[in-house]
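Chain and residue survey
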Amino acid sequence: MRELTRYVDLPHCAELRALFDVSLTPAIELQLSDAGWRDASDAFGVGREDVERQFLVSVRDRHLGDEAIFNPLRARRLKPPSGAAAADLIDDERARNGCSWCQSQDMGDSLDAFGLVRSPDGRVVARANWARSAPVSGLVHGNESMHNMLRLSLADFQTLFRTAEEYIRRSRHRAPDVHYFLCFMNGGHKSAAGVAHCHLQVLGQALRHFAYADVVRSRCPSDYWQRLQTIHTGLGLSITDGTSVAWPSICPAKERDLVIVGPGLEASSAFVFQLLQRLWDHGTNSFTLAAILSPSSVGISDDSAFRDWPPVVWRLVDRGDMRSAHGDIGASELFGSVIVSADPWDVARWLQD
Ligand SMILES: [Zn+2]
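Below you will find a few notes about this structure. (Residues numbered from 1 in each chain as written. Predicted model: local features only at pLDDT ≥ 70, side-chain atom pairs only at ≥ 80, totals over all residues. Heavy atoms only, no water.)

**Some thoughts on the side chain of serine 137**
Note that serine 137 resides in strand E6 (residues 136-142). From its side chain, serine 137 meets the backbone nitrogen of serine 133 in a polar contact 3.0 Å long. Beyond its immediate sequence surroundings of up to four residues, serine 137 is in contact with Arg127, Ala128, Asn129, Ala131, Arg132, Tyr167, Val202 and Leu203. (Helix = DSSP H or I, 4+ residues; strand = E, 2+ residues; numbered from the N terminus. Polar contact = N/O pair within 3.5 Å; in protein donor to acceptor, adjacent residues only side chain to side chain. Contact = heavy atoms within 4.5 Å.)

**Examining helix H10 (residues 224-234)**
Every buried residue belonging to H10 is among Tyr224, Trp225, Leu228, Ile231 and His232, and all of these are buried. On an axial view of H10, the arc spanned by its buried residues comes to 125°, and they lie on one face. Where H10 terminates, the next one or two residues include glycine 236, which has phi positive at roughly 80°. (Buried < 20%, exposed > 50% of the residue type's maximum accessible area, 1.4 Å probe, protein only. Arc of directions from axis to C-beta.)

**Digging into unusual backbone geometry**
Backbone geometry places alanine 192, a non-glycine residue, at a positive phi of 80°. Looking at the element boundaries, alanine 192 is found in the loop between strand E7 (180-187) and strand E8 (199-205). For arginine 256, which is not glycine, the phi torsion reads 45° and is therefore positive. Topologically, arginine 256 is positioned in the loop between strand E10 (245-248) and strand E11 (257-262).

**Some points on the sheet that holds E7**
Within the open sheet, the 10 strands sit side by side as E4-E5-E6-E8-E7-E12-E13-E11-E10-E9. Their pairing is antiparallel. The open sheet is flanked by strand E4 (117-118) and strand E9 (239-240), the only strands paired with a single partner. Sheet topology places strand E12 (residues 287-293) next to strand E13 (residues 312-318); 7 bridges connect them, and they run antiparallel. Considered in E13, the bridge of threonine 288 is made with valine 317. Against the sheet, helix H8 (residues 154-174) engages E4, strand E5 (124-128), E6, E7, E8, E12 and E13, with an angle of about 150° to E6. (Pairing = 2+ DSSP bridges. Axes fitted to C-alpha atoms, helices over the stretch in contact; angles between N-to-C directions.)

**As for the packing of helix H11 (residues 265-281) against helix H13 (residues 344-352)**
Viewed as axis vectors pointing N to C, H11 and H13 meet at an angle of 115°, and their least axial separation amounts to 9 Å. Relative to H13, H11 is oriented so that their crossing is right-handed. For the pair formed by H11 and H13, the contact residues are Leu275, Arg278 and Leu279 on the first element and Val347, Trp350 and Leu351 on the second. (Left-handed = near helix turned anticlockwise from the far one by under 90°.)

**Some remarks on the pattern of salt bridges**
As enumerated under the stated definition, the model contains 25 salt bridges in all. The partner of aspartate 112 in a salt bridge is arginine 132, and the shortest N-O contact between them spans 2.6 Å. Here aspartate 112, found in the loop between helix H7 (100-103) and E4, pairs with arginine 132, found in the loop between E5 and E6; they are 20 residues apart in sequence, far enough to count as distant. Classification of arginine 132 by relative accessible area gives partly exposed; the value is 43%. For arginine 227, the salt bridge identified is with aspartate 223, shortest N-O distance 3.1 Å. According to the relative accessible area criterion, arginine 227 is partly exposed, its value standing at 27%. (Salt bridge = Lys/Arg side-chain N within 4 Å of Asp/Glu carboxyl O.)

**Some details on the coordination of the zinc ion**
Geometry sets the ideal angles at a metal, namely 109.5 degrees for four tetrahedral donors and 90 or 180 degrees for six octahedral donors. In this structure, Cys99 (SG), Cys102 (SG), His147 (ND1) and His197 (ND1) serve as the protein donors to the zinc ion, at separations of 2.0 to 2.3 Å. Classification of the site at the zinc ion as tetrahedral follows from its 4 donor atoms and the range of 104 to 117° in their angles at the metal. Sequence positions of the residues that donate to the zinc ion give the spacing C-x2-C-x44-H-x49-H. Here cysteine 99 is found in the loop between helix H6 (86-97) and H7, whereas its partner histidine 197 is found in the loop between E7 and E8, with 98 residues between them in sequence. Classification of cysteine 99 by relative accessible area gives buried; the value is 9%. (Donors = N, O, S within 2.8 Å, 3.2 Å for Na, K, Ca; no water. Tetrahedral: all angles 85-135°; square planar, octahedral: opposite > 155°, others 65-115°.)

**Topic: the packing of H8 against H11**
Running from N to C, H8 and H11 cross one another at 145°; their axes reach a closest spacing of 9 Å. In terms of crossing hand, the pair formed by H8 and H11 is right-handed. Across from Leu154, Phe157, Gln158, Phe161, Arg162, Ala164, Glu165 and Ile168 in H8, the residues of H11 making contact are Leu265, Glu266, Ser269, Ala270, Val272, Phe273 and Leu276.

**Focus: the packing of aromatic side chains**
Taken as a whole and judged by the stated rule, the model has 11 aromatic pairs. Each ring, one from tyrosine 7 and one from tryptophan 345, has its centre 6.0 Å from the other, and the planes form 10°; the classification is stacked. Taken together, the residues span a long stretch of sequence, with tyrosine 7 in helix H1 (residues 3-8) and tryptophan 345 in helix H13 at a distance of 338 residues. Tyrosine 7 sits in the partly exposed class, given a relative accessible area of 21%. According to the relative accessible area criterion, tryptophan 345 is buried, its value standing at 13%. Ring geometry for tryptophan 280 against phenylalanine 287: centres 6.3 Å apart, planes inclined by 50°, an arrangement best described as tilted. Of the residues examined, phenylalanine 287 reaches a relative accessible area of 1% and is grouped as buried. Each residue in the set Phe157, Phe161, Phe273, Trp280, Phe287 and Trp314 is aromatic and connected to the rest through ring pairs, giving one cluster. (Phe/Tyr/Trp six-rings, centres within 6.5 Å; stacked < 30°, edge-to-face > 60°.)

Pasting the structure below:
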């Protein structure tokens, strides 16, 4: 990660400097007793000099004001939680407590005025969320074979997003003034999922985009996402399948934060699934996955504020291990700066493998 500060001084990195402030700051030198060094040596597994003289890399988005502070040494002090595999824990929880979403696919008790949407094979349904979060507020989920998010197949994953797209089409037929949509998956309790059964949420509203997208629209250059892509590709961080492009962000919302730009929900879903699987292979088992749809992706071509946006901007963020008791976002993330352990170059290497 310290490498990043070297890039900043290179002449071809003017693009990076235009969007980000990057600095390398030494922390006050640690003074370790012999006993302190023995403990630190066990915890960090690096040389004494690296523990005593730590450096922090801070990256601040000049337009959004977001700041991430990296210290990859922090990741070394935590042993990964042990015990049953995360996918088995989700199966065990259903065996213990049951799941009403697995037991019924009828779903006729609370309907949107335009009804519900089913996938052609009947395994996935998109239906009203009775606890409305927006004027358009739907849930998309599979039958009992798709309860466990960590056991989804590629076809399952694609069908969820294909059905979400159909739900959006149907909702716009009923409410044509709704242009602004979000589609997201809270992957597990650590990511604020209140229901264990794997599901997407679809939210839509008319007057403006949801807050994060609206802040980007109002504060950033109109070609912000293209600039980010250029910068991250220049840093050797991007991955593509030919139509969608992903990169681990140098200014992440939390650990292992990927930005993915692509042509549509279903159109990018296979690529997103592959990325997700690589993260699962490397220990991610709780995640936030959000897809921000530009108005063009729902057929609105005259919204000039979003003219330069990719049809869909995805964010995929690791949300900590479901087997550890503590949360991943604390006071520092809420009221200070985001403290990050994962090095974007490590994440990019897994994905590019
Ligand atoms: Zn279930």
